[in-house]
Amino acid sequence: MITSHNGPQPADFTDVRATNLAVVLRFVREGAPCSRADIAASTGLNKATVSSLVADLIDRRLLRETGLTENRVGRPATMLVLDGSPYAAIGIEVNVDYITAVAVDLKGEQLLNWRRAFPGGTSSAGQAVAAVAAIAKRAVSRMTREARQVLGLTVAVPGLVDVNGTVRIAPNLGWRDADLGGDLMKALRDPGFPVLVDNDANLAALAECRFGPHGDVGDLVYVTGEVGVGAGVVMDGRLRRGGHGYSGEIGHVEVDPGGPECRCGRRGCLEAVAGIGAILARTAPGAPPAELAAEVDEVVRRAKRNDPEVLALLETVGRGLGKGVAIAANLLNPEVVVLGGYYVPLGPWLLGPAEDEMLRRSLAPGAGGCRLVVSTLGHRAAALGAAARVLDSVDSGRLPPRP
Ligand SMILES: [Zn+2]
């Protein structure tokens, strides 16, 4: 029942149905293959309702039947699995040195994965919108050619994104109050699917929970390892955005009062001490942003050769990172902190000192059981999370029209 100023009224029938469709869809996502009777028994919906909901979901090609199973007590039952093959969710990440685009189907199977160099650090917001719109159009037309309906598109941005999708501040991109979502809608000529904008770390944390090996972890912190450093915080299985959506700016906690100047204008921020820019400022000063990936590869090569200068630098960066991670561990007691982006190839040299520092600075023994690991999703994490946000909205009842 929904209470209004006219007194209690029945909830809108379509709302109830959408909610129930979402309940069934989520159950099959987690429990497939399963029968209609399994769904009824586990969700508490009656069998007639489940049959009607399943018929609707099959009609929309979100579920399909896979034949009978005989290994059961009683009559053989028709089993159901997710379908979703006529659909695609698109995720795009724009960052200081690249744009990544991925598309997945409803089951999370990857349909495309593109990465291209992009000078985000020196481009205007207008140039970035044009570049994101160009790659978005290509991804949409690829999906359309494959006869897939695009369910939505989310763009990941390294900066503060408010609840309306406006990028308030993206220091490393030089953006302020950029209406990226609105501009993209115009560039895509009102494409008929939702276009969302979100913070890269938040989306990467969603990706770790949905596509990474941490699906059963309720409390997780993801730390981006790009030029910018930010955190996505998942607590009790839910992304925690804070009051205005600005949580997780771990890159701007001070870890070294006398440290280098940060792009935010302060000194000694985690990002300025342990961001990728801080590493390359020492190993490849003046390198253009488009060559970051190649420069990081060179750092890895030098570390593998036991170059003492690089090893000392990575030890210092790892310790700085550990100071930041310890703050998250003391404050949130996560089960796991996942280091992403360029921290992945540098992980063999960063993890040891970072973990040491985290353990030293945590009040709880063993940092409260917090494990420090590198991402298995690499640079795709934020874009995959962007696509995951589209799937989340389907799972919560925003179903596509019948194809
Ligand atoms: Zn800062």
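Residues numbered from 1 in each chain as written. Predicted model: local features only at pLDDT ≥ 70, side-chain atom pairs only at ≥ 80, totals over all residues. Heavy atoms only, no water.

Looking at the side chain of Asn 199
To be explicit about the condition: A helix here means a DSSP run of H or I that spans at least four residues, while a strand means a run of E at least two residues long, and both kinds are numbered starting from the N terminus. The buried label applies to any residue whose accessible area, calculated with a 1.4 Å probe on protein chains only, is under 20% of its type's maximum; exposed applies above 50%, and partly exposed to all values in between. Any pair of N or O atoms that falls within 3.5 Å is considered a polar contact. Within protein, one atom must be able to donate a hydrogen and the other to accept it, and sequence-neighbouring residues count only if both atoms are side-chain atoms. A contact between two residues is defined here by any heavy atoms of the two lying within 4.5 Å.
Along the chain, the position of Asn 199 falls in strand S13 (residues 195–199). Taking relative accessible area as the criterion, Asn 199 reaches 5% and is therefore assigned buried. A polar atom in the side chain of Asn 199 sits 3.0 Å from the backbone nitrogen of Asn 202. Residues in contact with Asn 199, not counting those within four places in the same chain, are Val 157, Gly 159, Val 161 and Glu 249.

What to know about the sheet that holds strand S12 (residues 175–178)
Rules: Two strands are said to pair when DSSP picks up at least two bridges between them.
Spatially, the 3 strands line up as an open sheet ordered S10-S11-S12, and their pairing is antiparallel. Both edges of this open sheet fall to strand S10 (160–161) and S12, since each of them pairs with a single strand only.

What about helix H4 (residues 125–145)?
Let me state the cut-off plainly: Residue count minus one, scaled by 1.5 Å, sets the expected span of a helix.
The terminal C-alpha atoms of H4, which comprises 21 residues, lie 30 Å apart, in line with the 30 Å expected from a rise of 1.5 Å per residue. When we look at burial in H4, the residues that qualify are Ala 128, Val 129, Ala 131, Val 132, Ala 133, Ile 135, Ala 136, Ala 139, Val 140 and Met 143. Against the buried residues of H4 lie strand S6 (87–94), strand S7 (98–104), strand S8 (110–117), strand S9 (149–157), S12 and helix H5 (180–187). At the exit of H4 stands Ala 147, carrying a positive phi of roughly 65°.

Section: the confidence of the model for the protein
Put simply, the rule reads: The score called pLDDT rates the predictor's confidence residue by residue, from a low of 0 to a high of 100.
Residues with a pLDDT of 70 or more make up 95% of the protein, whose mean pLDDT is 90. Note that residues 1–10 has pLDDT below 50 and, in this model, 10 contacts with residues that lie over four places away or in other chains.

Remarks on the packing of helix H8 (residues 276–283) against helix H10 (residues 308–332)
Put simply, the test is: Between the N-to-C directions of two axes lies an angle of 0 to 180 degrees, each axis being a line fitted to C-alpha atoms and, for a helix, fitted only over the stretch in contact. Here the word oblique covers every angle except those under 35 degrees (roughly parallel), over 145 (roughly antiparallel) and from 65 to 115 (roughly perpendicular). Put simply, a crossing is left-handed when the front helix is turned counterclockwise from the back one by less than a right angle, and right-handed when it is turned clockwise.
Relative to each other, H8 and H10 sit at 155°, their axes nearing to 11 Å. The angle between H8 and H10 falls in the class roughly antiparallel. The way H8 lies across H10 gives a crossing that is right-handed. Along its contact with H8, which presents Ile 279, Arg 282 and Thr 283, the element H10 presents Val 310, Leu 313, Leu 314 and Val 317.

A few points about the coordination of the zinc ion
Octahedral six-donor coordination of a metal ideally yields angles of 90 or 180 degrees, compared with 109.5 degrees for tetrahedral four-donor coordination. As a reminder, the rule being used: In this description, a donor is an N, O or S atom within 2.8 Å of the metal centre, a cutoff extended to 3.2 Å for sodium, potassium and calcium. Water is not part of the atom list, which can make sites seem incomplete. In short, tetrahedral needs four donors with all angles between 85 and 135 degrees, square planar needs four and octahedral six donors with opposite donors over 155 degrees apart and all other angles between 65 and 115, and whatever is left is irregular.
Those donors, His 252 (ND1), Cys 262 (SG), Cys 264 (SG) and Cys 269 (SG), are the protein atoms that reach the zinc ion, and they lie 2.0 to 2.3 Å from it. Viewed at the metal, the 4 donor atoms of the zinc ion are separated by angles of 106 to 120°, and the geometry they form is tetrahedral. Given a relative accessible area of 21%, His 252 falls into the partly exposed group. A residue is classified by how much of its surface remains accessible, and Cys 264, at 25% relative accessible area, is partly exposed.

With respect to the UniProt feature "domain: HTH marR-type" (unreviewed entry) in the protein
We apply this condition: UniProt positions are given in the numbering used here, feature names are shortened, and annotations may be inferred rather than shown by experiment.
Here the UniProt-annotated "domain: HTH marR-type" (unreviewed entry) positions come out as residues 24–65. When the span residues 24–65 is considered, its composition is 69% helix and 12% strand, and the gap between its end C-alpha atoms is 14 Å.

Structural notes on the sheet that holds S9
The 5 strands are arranged S8-S7-S6-S9-S13 in an open sheet whose pairing can be described as mixed. The strands lining the two open edges of the sheet, one partner per strand, are S8 and S13. Going from strand to strand, the sheet's axes swing by 15° on average, the running direction of each strand aside. Relative to S9, S6 runs parallel, the two sharing 7 bridges. Across the sheet, Glu 93 pairs through a bridge with Ala 156, a residue of S9.

As for unusual backbone geometry
For residues that are not glycine, phi is negative in most cases, and the peptide bond is trans in most cases. Here the residue pair Ala 32 and Pro 33 is connected by a cis peptide bond, since its omega of -5° sits within 30 degrees of zero. Position of Pro 33 among the secondary structure elements: in the loop between helix H1 (13–31) and strand S3 (34–35). Positive phi is not limited to glycine here, since Asp 190 has a value of about 45°. The topology assignment puts Asp 190 in the loop between H5 and S13. A positive phi angle is found at Asn 306, which is not glycine, with a value near 60°. With respect to the helices and strands, the residue Asn 306 is situated in the loop between helix H9 (292–304) and H10.

Considering the pairing of strand S11 (residues 167–170)
One ladder, built from 2 bridges, connects S10 with S11; its direction is antiparallel. Considered in S11, the bridge of Leu 160 is made with Ile 169. Between S10 and S11, which pair antiparallel in sequence order, lie 5 residues; one of them, Gly 165, sits at a positive phi of approximately 90°. Once S11 ends, the chain turns through 4 residues before running back antiparallel as S12, passing Gly 174 with a positive phi of about 75°.

Topic: empty space enclosed by the protein
Picture a little ball the size of a water molecule; that probe, rolled over the atoms, points out where space is still empty. Keep this limit in mind: Definitions used throughout: a 1 Å grid over protein atoms alone; a cavity as a set of points that fits a 1.4 Å probe which cannot get out; a pocket as an open set with protein on both sides within 12 Å along at least five of seven lines; a lining residue as one with an atom within 4 Å of a point. Grid points are joined across faces, edges and corners, and a volume is the space filled by probe spheres set on the points. Each residue gets one label: Ala, Val, Leu, Ile, Met, Phe, Trp, Tyr, Cys and Pro are nonpolar, Asp, Glu, Lys and Arg are charged, and the others, such as Gly, are polar.
Inspection of every chain in the model, using the stated rule, returns 1 cavity of 30 Å³ or more. Here the largest cavity defines a volume of roughly 70 Å³. Along the walls of the largest cavity sit 15 residues, with Glu 93, Tyr 222, Thr 224, Glu 226 and Ala 382 positioned nearest its centre. The set of elements that each furnish at least two residues to the lining of the largest cavity consists of helix H6 (200–210) and helix H12 (381–395). Along the lines of polarity and charge, the residues of the lining of the largest cavity split into 5 nonpolar, 6 polar and 4 charged.

Things to note about the pattern of salt bridges
Side chains that differ in sign of charge can pair as their charged atoms come close. Defined as follows: What makes a salt bridge here is a side-chain nitrogen of Lys or Arg within 4 Å of a carboxyl oxygen of Asp or Glu, nothing more.
Counted according to the given criterion, the structure contains 22 salt bridges. For Arg 61, the salt bridge identified is with Asp 83, shortest N-O distance 3.9 Å. Taken together, the residues Arg 61 in the loop between helix H3 (47–59) and strand S4 (63–69) and Asp 83 in the loop between strand S5 (77–82) and S6 connect sequence positions 22 residues apart. Note on Asp 83: relative accessible area 9%, which makes it buried. Between Glu 357 and Arg 361 there is a salt bridge, with the nearest N and O atoms lying 2.9 Å from each other. Of this pair, Glu 357 and Arg 361 both sit in helix H11 (residues 343–361), 4 residues apart, which is roughly one turn of that helix. Residue classification places Glu 357 among the buried positions, given a relative accessible area of 3%. We classify Arg 361 as partly exposed; its relative accessible area is 38%. By sharing partners, the salt bridges in this structure join Glu 315, Arg 319, Asp 356, Glu 357, Arg 360 and Arg 361 into a single network.

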